[in-house]
Amino acid sequence: MSDPIPDKKEIKAKILVVEDEEPIRSFVRINLERSDFLVLEAASGEEALKLIKTTVPHLVVLDLKLPGMDGLQVCRVLREEYPQVAIVMLTARTQDMDKIKGLEMGADDYVVKPFNPLELVARVKAVLRRLYPAKNFVLSCDDLEIFPAARQVKKAGKQIELTSREFELLYFLARNPGRAFSRDELLNHIWGKDYFGEPKAVDIYIHRLRSKLGDDPTAPSFIETIWGLGYRWRERE
Ligand code: CA
């Protein structure tokens, strides 16, 4: 028996604040908590990447100037390994912003220091709204609803039983609609880099997911096969 799906209002977005300057980090945390976000903190990029291995946040507020790995390096790793996590960069000067934009590191938004906390909170909310248009952090797609916090899935209001790995795979694809992933990329993202499995394992999981979702592979509503490559979540208009 799985736990019941909690009230949607209780699902809070998890935000990781990466900033070495403690006063600024606390200031950001207090303001985000006031807006009802769950806040995690890291004082360096290395600490942030270690923390993310156990707790994947919805969004990272990432300072550009960090000791050790700088914000751009952290951003690059996040984009590669956790493409579903949103990033709002904190930058000290407008020149830094030009640098970020020039490098196209893939941050979702930027806030220039010194910033008004209300502005930062507004940017964070706007990015999350864009990623979770269904509000309250339920990802919905036609009659399919994915509850990331509860790790549960409903189709036409009826709960679908998924194993943890099936859930991860479904959620990962659904978070990245229209983006094709190779079997190796999916193995890396879902099974982890240390897993030396056969890419065939991905096919087996996709097959199980499709049958649980009632998704016809010849006319898929959700998971499309990209011949010679892998799979893609069908993009909605
Ligand atoms: Ca800093």
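For the structure, check the block above.
A brief report on the enclosed structure follows. Here the structure is a predicted model, which is why all the values come from computation and not from measurement.

Procedures and definitions
- Residues numbered from 1 in each chain as written.
- Predicted model: local features only at pLDDT ≥ 70, side-chain atom pairs only at ≥ 80, totals over all residues.
- Heavy atoms only, no water.
- Helix = DSSP H or I, 4+ residues; strand = E, 2+ residues; numbered from the N terminus.
- Expected span 1.5 Å × (residues − 1).
- Buried < 20%, exposed > 50% of the residue type's maximum accessible area, 1.4 Å probe, protein only.
- Donors = N, O, S within 2.8 Å, 3.2 Å for Na, K, Ca; no water.
- Pairing = 2+ DSSP bridges.
- Axes fitted to C-alpha atoms, helices over the stretch in contact; angles between N-to-C directions.
- Contact = heavy atoms within 4.5 Å.

Further remarks concern helix 8 (residues 200–213). Note on helix geometry: an α-helix contains 3.6 residues per turn, so any two residues three or four positions apart are oriented the same way. Between its first and last C-alpha, helix 8 extends 20 Å over 14 residues, near the 20 Å set by a 1.5 Å rise per residue. Looking only at helix 8, the buried set comprises A201, V202, D203, Y205, I206, L209, R210 and L213. One or two positions beyond helix 8, positive phi appears at G214, with a value near 70°.

Further remarks concern the coordination of the calcium ion. Within the protein, E19 (OE), D20 (OD), E21 (OE), D63 (OD) and K65 (O) serve as the donor atoms for the calcium ion, at 2.1 to 3.0 Å. In primary-sequence terms, the residues that donate to the calcium ion follow E-D-E-x41-D-x1-K. Here the residue E21 occupies a position in the loop between strand 1 (14–18) and helix 1 (22–34), and K65 occupies one in the loop between strand 3 (59–63) and helix 3 (71–81), the gap between them amounting to 44 residues. By relative accessible area, which is 45% here, K65 ends up partly exposed.

What follows deals with the sheet that holds strand 4 (residues 86–91). Each strand in a sheet pairs with its neighbour through backbone hydrogen bonds, running either in the same direction (parallel) or in the opposite one (antiparallel). As summarised here, the arrangement of the five strands in space is 2-1-3-4-5, forming an open sheet in which the pairing is parallel. Both edges of this open sheet fall to strand 2 (38–42) and strand 5 (109–112), since each of them pairs with a single strand only. The mean angle between the axes of side-by-side strands here comes to 20°, regardless of whether they run parallel or antiparallel. Where strand 4 and strand 5 come together, four bridges link them in parallel fashion. Note that in strand 5 the partner of L90 across the bridge is V111. Contacts from helix 5 (residues 117–131) reach strand 1, strand 3, strand 4 and strand 5, with the element oriented near 155° to strand 4.

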